[in-house]
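# Topology and contacts: notes
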Amino acid sequence: MRIKNAMLYSAVQLQQLVTAIWHFKQNFVITGLSLSLTPSPLDDTPEALPTMDVRIARLGLIFGAFKIFKYALETESTSLCFVTLVLGFEVDTVNSVQFSNHTGYAHWKGQVLNSDELHELYEGLKLNKVNRYDYVLTGYTRDTSFLAMVVDIVQELKQQNSNLVYVCDPVMGDKWNGEGSMYVPKDLLPVYRDKVVPVADIITPNQFEAELLTGRKIYTEKDALEVMDMLHAMGPETVVITSSDLQAPLGNDYLIALGSHRKTKADGTRITQRIRMESPKVDAVFVGTGDLFAAMLLAWTHKHPNNLKVACEKTVSAMQHVLQRTIKSAKAQAGEGNKPNSAQLELRMVQSKKDIENPEIIVKATVL
């Protein structure tokens, strides 16, 4: 069940809505709403729900155990929130842009959040003393001042919690038919390269974005490993190149992703774990897969902090389950012989809840 424009519901209507959801045990995502569900610990029946605290908040969805501060494209933030909530994280969300739909459609309308507006929202969290986080996850933005403000916020949060982990998906562009192209303003690149990446702990660029950040082209796996070393030297302990056009050992029908985790021991020595994953290509253009990947990698690296291989196997396998379910549904909606459109290719997140929670491992990683 997807609930849009939730700010328009009255408290009574929300109470009735949550009661219905609870009764039918349906999965749900609420955009623009915070729900804190606190039934009696001894009674989880619908009759116990009148004691539940239903709170409307400006900063997204709150539910779970660990706390994340994140921003993302509005339509992509739905999948990000759903994944992190399902996997047991409490999330405060700021929409870097508020669009009617993602930009894969022919048309979109909406607003871009600037640094002053982000600062105002963050100040609200500070005033209420609820700005202590375990993770920060950032995705799509189009404003350089906003991005610079994120760096200031991350640095402040790390002063409060030295164990905070910042996961950055440096969304800038991608390759089509071998040619790279940026789909955000070009002046975001130096901000990512010089300010954002140095404070990040985990980054998830695609091949084109990794090339932009380092100024180094990737033609071979050896090139990719060297580029990941360059990115490590810029700051992050974990680097995952989420997709590439490298030749896969399993053949042309497979897509290569590469990961590298570098840890410095107490005696100063470094240990680096490197892996390669080959996943079946899906003949369609999806929007939001990078955000989905980053959210799941955050969750699985939290659960497996010293095992990048397992974390990536669970992340990529869950991705495959979501994509295969999505393309099957999209083709059925489009009809035989017709190409699915953007609406039909919206990621089937709710339908994939079980696969996100406990993915069957169908993509194995090779240790390099």
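No experiment lies behind these values; they were computed from the predicted model shown. (Residues numbered from 1 in each chain as written. Predicted model: local features only at pLDDT ≥ 70, side-chain atom pairs only at ≥ 80, totals over all residues. Heavy atoms only, no water.)

Our next topic: the overall build of the chain. When you go through the chain residue by residue, the secondary structure sums to ten helices and 14 strands. Across the chain, contacts joining residues at least 24 apart in sequence account for 67% of those joining residues at least 6 apart. For the chain, the computed accessible surface area is about 17600 Å², with 51% contributed by carbon and sulfur atoms. (Helix = DSSP H or I, 4+ residues; strand = E, 2+ residues; numbered from the N terminus. Contact = heavy atoms within 4.5 Å. Areas by Shrake-Rupley, 256 points an atom, 1.4 Å probe, with all protein chains shown as cover.)

Take helix α7 (residues 221–234) next. Here α7 contains 14 residues, and its C-alpha end-to-end distance of 20 Å stays within 8% of the 20 Å for a straight helix at 1.5 Å per residue. Of the residues making up α7, those classed as buried are Asp223, Ala224, Leu225, Val227, Met228, Leu231 and His232. Against the buried residues of α7 lie β10 (202–203), α6 (207–214), β11 (238–241), β12 (254–264) and β13 (270–280). Following α7 by one or two positions, Gly235 adopts a phi angle in the positive range, close to 150 degrees. (Expected span 1.5 Å × (residues − 1). Buried < 20%, exposed > 50% of the residue type's maximum accessible area, 1.4 Å probe, protein only.)

So, on to the packing of aromatic side chains. Applying the stated criterion to the full structure yields one aromatic pair. Relative to Tyr135, the ring of Phe89 has its centre 6.0 Å away and its plane inclined at 80 degrees; by these criteria the two rings are edge-to-face. Here Tyr135 lies in strand β6 (residues 135–138) and Phe89 lies in strand β4 (residues 89–99), a separation of 46 residues in the sequence. For Phe89, a relative accessible area of 1% translates into the label buried. Looking at Lys303, its charged tip hangs above the ring of Trp300, at a distance of 5.9 Å from the centre. (Phe/Tyr/Trp six-rings, centres within 6.5 Å; stacked < 30°, edge-to-face > 60°. Lys NZ or Arg CZ within 6 Å of the ring centre and 35° of its normal.)

With that out of the way, let us pick up the nonpolar core. Counting 50 residues, the largest nonpolar core has Leu118, Tyr166, Met172, Tyr192 and Val196 as its most contacted members. Among the elements that line this core, the one with the most residues is helix α4 (residues 144–160), at eight residues. Residues Val282, Ala294, Met296 and Leu347 belong to the second largest nonpolar core, which totals 45 residues. (Core = buried A, V, L, I, M, F, W, Y, C linked by side-chain atoms within 4.5 Å.)

Another aspect to go through is the pattern of salt bridges. This structure, assessed with the given rule, holds 17 salt bridges. Across the pair Lys309 and Glu313 runs a salt bridge whose closest N-O atoms are separated by 2.7 Å. Placement of the pair is Lys309 and Glu313 together in helix α9 (residues 308–334), with a separation of four residues, close to one helical turn. Judged by its relative accessible area of 5%, Glu313 is buried. The structure contains a network of salt bridges with shared partners spanning Arg216, Lys222, Asp223 and Glu226. (Salt bridge = Lys/Arg side-chain N within 4 Å of Asp/Glu carboxyl O.)

Let us now look at the environment of Gly215. Relative to the helices and strands, Gly215 resides in the loop between α6 and α7. Between the C-alpha atoms of Gly215 and Val227, which are twelve residues apart in sequence, the distance is 9.1 Å.

With respect to the helices and strands, Val97 occurs in strand β4. With 14 residues separating them in the primary sequence, Val97 and Gln111 have C-alpha atoms 5.7 Å apart.

Right, let's talk about the pairing of strand β9 (residues 179–182) for a bit. Moving residue by residue along a regular strand, the side chains alternate between the two faces of the sheet. Here four bridges tie strand β8 (residues 173–176) to β9, and the two strands are oriented antiparallel to one another. The residue bridging Asp174 from the neighbouring strand is Ser181, located in β9. Following β8, the chain reverses through two residues before pairing antiparallel with β9; Asn177 in that reversal takes a positive phi of roughly 55 degrees. (Pairing = 2+ DSSP bridges.)

Let us now look at the environment of Val151. The residue Val151 is located in helix α4 in this model. For Val151, a relative accessible area of 7% corresponds to the buried category. In sequence terms Val151 and Val199 are 48 residues apart; their C-alpha atoms lie 7.4 Å from each other.

Running from N to C, α6 and α7 cross one another at 55 degrees; their axes reach a closest spacing of 10 Å. Of the possible angle classes, the one that applies to α6 and α7 is oblique. Both α6 and α7 take part in a crossing whose hand is left-handed. Within the contact between the two elements, α6 uses Ala210, Leu213 and Thr214 and α7 uses Val227, Met230, Leu231 and Met234. Grouping the amino acids of the contact of α6 with α7 by side-chain chemistry returns six nonpolar, one polar and no charged. (Axes fitted to C-alpha atoms, helices over the stretch in contact; angles between N-to-C directions. Parallel < 35°, antiparallel > 145°, perpendicular 65-115°, else oblique. Left-handed = near helix turned anticlockwise from the far one by under 90°. Nonpolar A, V, L, I, M, F, W, Y, C, P; charged D, E, K, R; others polar.)

This next bit is on the packing of α4 against helix α5 (residues 188–196). Running from N to C, α4 and α5 cross one another at 10 degrees; their axes reach a closest spacing of 10 Å. The angle between the axes of α4 and α5 places the two elements in the roughly parallel class. Residue-level inspection shows Thr144, Leu147, Ala148 and Val151 of α4 in contact with α5, the latter providing Leu188, Val191, Tyr192, Lys195 and Val196. When grouped by side-chain class, the residues that make up the contact of α4 with α5 number seven nonpolar, one polar and one charged.

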